[in-house]
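# Structural overview for review
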Amino acid sequence: MLKKLPNPIDRHVGSRVRMQRMLAGISQEKLGEALGLTFQQVQKYEKGTNRISASRLQQIAKMLGVPVAFFFEGAPTGDVAAGGFADAAATTYVADFLSTSEGVQLSKAFVRIKNPRVRRRVIDLVEALADESGETT
């Protein structure tokens, strides 16, 4: 029997929950405790495996200090935008990046760099490393 794939919107909302939770420095366990859930349930929400009810999403939004609409920003609509697939891909990879601990760490550290020249050098370094590994921007 084939495994049912999560709905793209449920996955998107879950990834936004994960991103905001990580940016706030809250563990899955702490979020689960505050919601009266296990960390495994939070994991399922974040992966989009389990759908988040409207009331639960309202609780999560309040706890993470964002409006409910935040979780739907950039959500797939099924419509092809005037900009085409490139626009959707651009927002998807950024959200995916910020859903990782490395992405959150790098983002937090980068914004603490005040010197614009140093920031530019960091970008140049990361691009050079990506080019070296065969990645292109």
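Summarised in this report is the structure supplied together with it. These numbers come from a predicted model, not from an experiment. The residue count restarts for each chain, going from 1 along the sequence in the order it is written. Since the coordinates come from a predicted model, pLDDT governs what is reported: local features require at least 70, and pairs of side-chain atoms require 80 or more to be given and counted, while whole-chain, interface and lining totals use all residues. Remark: hydrogens and water are excluded; side-chain values derive from all non-hydrogen atoms of the structure.

## Topic: the overall build of the protein
To keep things clear, this is the line we draw: Only DSSP runs of H or I reaching four residues or more are called helices, and only runs of E reaching two or more are called strands; each is numbered from the N terminus. Relative accessible area decides the class of each residue, using a 1.4 Å probe on protein chains only: under 20% of the type maximum gives buried, over 50% gives exposed, and in between gives partly exposed. Residues count as neighbours in contact if any of their non-hydrogen atoms are within 4.5 Å of one another. Throughout, the Shrake-Rupley method with a 1.4 Å probe supplies accessible areas, and for residues the shown protein chains are the sole cover considered.
For the protein, the helix and strand inventory stands at seven helices and zero strands. Ordering the α and β elements of the protein from the N terminus gives α-α-α-α-α-α-α. For the protein, with 137 residues in total, the buried portion stands at 26%. The contacts of the protein with a sequence gap of at least 6 include a subset with a gap of at least 24, amounting to 59%. Total accessible area computed for the protein in this model is approximately 9700 Å², and 58% of it derives from carbon and sulfur atoms.

## Some thoughts on helix H4 (residues 54–64)
Definition in use: Here the arc refers to the set of directions running from the helix axis out to each C-beta atom.
Those residues of H4 not exposed but buried are Arg56, Leu57, Ile60, Ala61 and Leu64. Summarising the axial view, the buried residues of H4 lie within an arc of 140°, below the 170-degree limit, and thus occupy one face. Among the exposed residues of H4, those pointing more than 90 degrees away from its buried face are Ser55 and Lys62. Buried positions along H4 lie against helix H1 (8–23), helix H2 (28–35) and helix H3 (39–47).

## What about the packing of aromatic side chains?
Where we set the bar: Only centres within 6.5 Å qualify two rings of Phe, Tyr or Trp (six-membered ring in Trp) as a pair; their planes then separate them into stacked at under 30 degrees, edge-to-face at over 60, and tilted for everything else. Only Lys NZ and Arg CZ are tested; either one counts as a charge over a ring when it is within 6 Å of the ring centre and within 35 degrees of the ring normal.
Scanning all chains against the criterion turns up one aromatic pair. Between Arg16 and the ring centre of Phe70, over which it is positioned, the NZ or CZ distance is 4.0 Å.

## Comments concerning the side chain of Gln20
Inspection of the secondary structure puts Gln20 in helix H1. By relative accessible area, Gln20 is classed as buried at 14%. The contact partners of Gln20, leaving out residues within four places of it in the chain, are Leu64, Val66 and Phe70.

## So, the pattern of salt bridges
Stated formally: The salt bridge definition used is simple: a Lys or Arg side-chain nitrogen within 4 Å of an Asp or Glu carboxyl oxygen.
A full pass over the atoms with the stated rule returns six salt bridges. A salt bridge links Glu73 to Arg16, with the shortest nitrogen-to-oxygen separation between them at 3.0 Å. One end of the pair, Glu73, is in the loop between H4 and helix H5 (85–98); the other, Arg16, is in helix H1, with 57 residues separating them in the sequence. Owing to a relative accessible area of 44%, Glu73 belongs among the partly exposed residues under this scheme. Residue Arg16 is classed as buried on the basis of its relative accessible area of 10%. Among the salt bridges present, the one from Glu46 reaches Arg21, with a minimum N-O distance of 2.5 Å.

## Overview of the packing of H1 against H4
The criterion, for reference: Fitting a line to C-alpha atoms yields each axis, with helices limited to the stretch in contact; the angle taken between N-to-C directions then spans 0 to 180 degrees. An angle below 35 degrees is treated as roughly parallel, one above 145 as roughly antiparallel, one from 65 to 115 as roughly perpendicular, and anything else as oblique. By the definition used in this description, the sense in which the near helix is turned from the far one sets the handedness, with an anticlockwise turn below a right angle giving left-handed and a clockwise turn giving right-handed.
At their nearest, the axes of H1 and H4 sit 10 Å apart, and the two run at 25° to each other. Taken together, the axis directions place H1 and H4 in an arrangement best described as roughly parallel. For the element pair H1 and H4, the recorded crossing hand is left-handed. Between H1 and H4, the residues in contact are Val13, Val17, Gln20 and Arg21 and Leu57, Ile60 and Leu64, respectively.

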